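Tertiary structure, described
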Amino acid sequence: MPQDVALSALTITPAKLIGVDKLLGSIEPGKMANFVVTNKNIFEDGAKILQVWIDGKKYDVEGLPEFDPRGEWKAYLNKDTLNLSITGQLKSLRGRIKKNDKSVNLITVSLLDNNLTLAFNGDSVGISGVVRISAFVKKDKIEGYAELLSGERLTFSAVKISEPRDETPQRVKKVKFEPLPVVYPDGAFGFAKQPEQPEYVLVKNATIWTCSNLGKLENADMLIRRGIIEKIGKNIEPPKGAVVIDATGKHVTPGIIDAHSHTAISGGVNESTQAITAEVRIQDVINSDDINIYRQLAGGVTAANILHGSANPIGGQNAVIKYRWGLLADELIFKEAPAGIKFALGENVKQSNWGDRYTTRYPQTRMGVEQIIRDAFKSALDYEKAWNTYREESKKKILIPPRRDLQLEALLEILKGQRLVHAHSYRQDEILMLLRVAEDFGFRIATLQHVLEGYKIAEAIAKHGAGASTFSDWWAYKFEVYDAIPHNGTLMEKVGVITSFNSDSDELARRLNLEAAKAVKYGGLTEEEALKLVTINPAKQLRIDKYVGSLEPGKHADFVIWSGNPLSTYTICEQTWIEGRKYFDRNEDLMMRGFIKKQRAFIIQKILEVKSSTRQQPQLATQ
């Protein structure tokens, strides 16, 4: 950028933006006397602002001493004659004292206004102890006193015999930085280019866990065209130009779907300042650069329900995303997924676990939680009625429309079945309460999240038609989860509740396949049934099972290639594909690790090189 353009961006341009360019922003007759004085061109290395003038009044930013003490001096300490050399920058002076053939570095050299303070180890030049000098600098001489180890004060003076040498031309060191490769996203494990979507991909000879009515197929093939599964069967011939993957001895599953995640949220997960925050949207704060996206791809996760936190009875709107690593935030959104919102019950929303300072926000009890939810829906219905009345009456006469309320509009979408409710919940009594509230207002809860006492009322949950997204074996981390049991998920599944296992954790999300395996141990689900807890079941809960969650013709080609049985602790995720694009490959990952290690070492070396040159040189030029 040209220097004048850069300077304009700080002066006349902002003046124009706020409408004061007739008074400020440039130096012209008739304008206010607002300007700065620098020691050199402001864009040059070492440039400093010395003065700021506002309305013609001067303000010193960095006052220069009246006299510069740098140079060579002949000094007199009582009867001793010394040579004094002062060099460096005015803010970081250094120097040496020499007597006859002995010399020593100054311990202290400081200048405040025209007051100079020096200190040196006198033992090195034949004077006992540390000598401290306080003096006043004039044009070509220094006058003051020195204090010895004994406390005795001696007269000190010096006469300048030469000006300081110009150190800059000899001491400038140019450090050349080689350009780093551009990757997406910018950082470790970013791609040099986005994964390609081949016309055809054929996966051959795999054990395919379809998570559908097709079941688990041995030595089967899967053909993908332009990101959509076209055919699953045996001995499929590869079309011309197809990318063929020999998956002999390997297992292929649908991409794992995490029904409860807070991955890739920037700026905080909760808007906890008020109880009802249905107007806020997680979609607006998605961080597509979050390294946890890549790490979860390495665990076979391809999609996630990104939820607002649990600080509110009615929280913010959720976002269902696909882990398209390297794309922008808006490009992660699973556009076919219906809208949703986060509800919460229990200790979090009544603030009983927040501490003694959080006792003023309503509600503070479980009965208050129910009532504020009911009140919110009643307000939404009143809002709808006001708008309907306005639309009808405005046909006859001119009226002022009701004030638009985004919070109430989101609540109306729930009542109309246009927005799914995902409700943080633990205790059986609260779960039943929320189901009754929903039934009273004519809508259905999509998923009960956590739902750790769900096994106690599984039949009621199934009758209502809610899904249950639970943990495999998390419990006892607060009072309201003491009755949790590891069989919870399987008990709900067996009575007809669509059940999933979720992570609620960036770390646990990388091992959701192993979480699913626990349902085999705790409750006796078959391996195929267990895998559905992290594939087709969460897809059904999020109403995206038409597109993902199972491997069937016509669905998105979101799949994972595993080294062995996906429920085994010895199995490794080798490749993760989304819509026919490979977003994770273990072999490529291993190569990237080596490259990143070298890149890190290179950056560290450059930092150390700059630090070293800065210590040795008074100025540093970079290019």
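Preceding this section is the structure that the text describes.
Residues numbered from 1 in each chain as written. Predicted model: local features only at pLDDT ≥ 70, side-chain atom pairs only at ≥ 80, totals over all residues. Heavy atoms only, no water.

**Re the overall build of the protein**
Counting its regular elements, the protein contains 15 helices and 30 strands. Structurally, the protein occupies a C-alpha span of about 105 × 70 × 55 Å along its principal axes. Taking all 623 residues of the protein together, 45% fall into the buried category. In the protein, the proportion of contacts linking residues at least 24 apart, taken out of those at least 6 apart, comes to 59%. Just so you have it, the protein exposes about 31800 Å², and 51% of that area is on carbon and sulfur atoms. (Helix = DSSP H or I, 4+ residues; strand = E, 2+ residues; numbered from the N terminus. Buried < 20%, exposed > 50% of the residue type's maximum accessible area, 1.4 Å probe, protein only. Contact = heavy atoms within 4.5 Å. Areas by Shrake-Rupley, 256 points an atom, 1.4 Å probe, with all protein chains shown as cover.)

**Examining the environment of Tyr522**
Within the secondary structure, Tyr522 sits in the loop between α12 (512–521) and α13 (527–532). Judged by its relative accessible area of 24%, Tyr522 is partly exposed. With 268 residues separating them along the chain, Tyr522 and Pro254 place their C-alpha atoms 23 Å apart. Leaving out residues up to four positions away in the same chain, Tyr522 has contacts with Pro486, His487 and Thr490.

**Comments concerning helix α9 (residues 428–441)**
Taking 1.5 Å per residue as the helical rise, α9 with its 14 residues ought to reach 20 Å, and the 20 Å between its terminal C-alpha atoms agrees with that figure. Of all the positions in α9, only Glu430, Ile431, Leu432, Met433, Leu434, Leu435, Val437, Ala438 and Phe441 are classed as buried. Buried-residue contacts for α9 involve β22 (339–344), α7 (366–393), α8 (406–415), β23 (419–425), β24 (447–450) and α10 (458–464). Gly442 sits one or two residues past α9 and shows a positive phi near 80 degrees. (Expected span 1.5 Å × (residues − 1).)

**Some points on the packing of aromatic side chains**
Tallied over the full model, the rule gives 16 aromatic pairs. When the ring of Tyr294 is compared with that of Phe584, the centres are 5.8 Å apart and the planes differ by 65 degrees; the resulting orientation is edge-to-face. Placement of Tyr294 in helix α4 (residues 291–297) and of Phe584 in strand β29 (residues 581–585) is noted, with a sequence separation of 290 residues between them. Like Tyr294, the residue Phe584 is buried in the burial classification. Geometrically, the ring pair formed by Trp354 and Tyr358 is edge-to-face, given 5.5 Å between the ring centres and 70 degrees between the ring planes. (Phe/Tyr/Trp six-rings, centres within 6.5 Å; stacked < 30°, edge-to-face > 60°.)

**Let's talk about the nonpolar core**
Membership of the largest hydrophobic core comes to 51 residues, with the highest contact counts inside it found for Leu297, Ile306, Ile321, Tyr323 and Ile544. In contact with Leu297, not counting residues within four places along its chain, are Tyr323, Trp325, Cys573, Thr576, Ile578, Tyr583 and Phe584. Judged by nonpolar contacts, the second largest core, of 44 residues, contains Ala376, Ala380, Met433 and Ile457. (Core = buried A, V, L, I, M, F, W, Y, C linked by side-chain atoms within 4.5 Å.)

**Section: the sheet that holds strand β2 (residues 49–54)**
Strands sit in the order β1-β2-β3 across an open sheet of 3 strands; the sheet is antiparallel. Edge positions in the sheet fall to β1 (35–38) and β3 (57–60), since each has one partner strand and no second. The mean inter-strand angle of the sheet, taken between neighbouring strand axes irrespective of direction, is 25 degrees. Where β2 lies against β3, 4 bridges are found, and the strand directions are antiparallel. Paired with Gln51 across the strands is Asp60, a residue of β3. (Pairing = 2+ DSSP bridges. Axes fitted to C-alpha atoms, helices over the stretch in contact; angles between N-to-C directions.)

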